[in-house]
Amino acid sequence: TTTTTTINMSVDKYSHDRHEGDSKYSKLNRVGKLLDDYLAEVARDTHLPISKLRVLAEMLPDTARSCHDGLYGAIDTYLKVKLYSHVNELNPIIC
């Protein structure tokens, strides 16, 4: 929750000031990139529930991402890790 609080504070600060200039908007995009990079890292955690990944992904306003490639990559990683972990859990049962 500490990470969530820190990200929320950054998002609130930059989304509030977005209309004041391009530099503020680019800062919000940097926060978006930072969060997407963080999502890509935590998506590898086999114990991460989808609800936590979703909460983190939805923290940012749509304007924080110039494209959604980082978010899609994190979701792809999450799904692959979950599939792989389930296959490994079933493998001893099947063999």
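As a starting point, this report considers the structure included with it. (Residues numbered from 1 in each chain as written. Predicted model: local features only at pLDDT ≥ 70, side-chain atom pairs only at ≥ 80, totals over all residues. Heavy atoms only, no water.)

Before going further, it helps to spend a moment on the side chain of R65. Locating R65 in the fold gives a position in the loop between α3 (50-57) and α4 (69-94). The exposure class assigned to R65 is buried, which follows from its relative accessible area of 9%. Within polar-contact distance, the side chain of R65 engages the side chain of D36 at 2.8 Å. Beyond its immediate chain neighbours, meaning those up to four positions away, R65 contacts N29, L35, D36, L39, A57, L60 and L71. (Helix = DSSP H or I, 4+ residues; strand = E, 2+ residues; numbered from the N terminus. Buried < 20%, exposed > 50% of the residue type's maximum accessible area, 1.4 Å probe, protein only. Polar contact = N/O pair within 3.5 Å; in protein donor to acceptor, adjacent residues only side chain to side chain. Contact = heavy atoms within 4.5 Å.)

So, about the pattern of salt bridges. Under the criterion given, the structure shown has five salt bridges. Note that K33 is salt-bridged to D37, the shortest N-O span being 3.0 Å. Here the residue K33 and the residue D37 both occupy positions in helix α2 (residues 22-42), the gap between them amounting to four residues, near one helical turn. The class for D37 is partly exposed, based on a relative accessible area of 38%. The partner of E41 in a salt bridge is R44, and the shortest N-O contact between them spans 3.1 Å. When its relative accessible area of 52% is taken as the criterion, E41 is described as exposed. (Salt bridge = Lys/Arg side-chain N within 4 Å of Asp/Glu carboxyl O.)

Here we take up the environment of Y72. Residue position: Y72 is located in helix α4. For Y72, a relative accessible area of 54% translates into the label exposed. On a C-alpha basis, the gap between Y72 and D36 in space is 9.0 Å, while along the polypeptide they are 36 residues apart.

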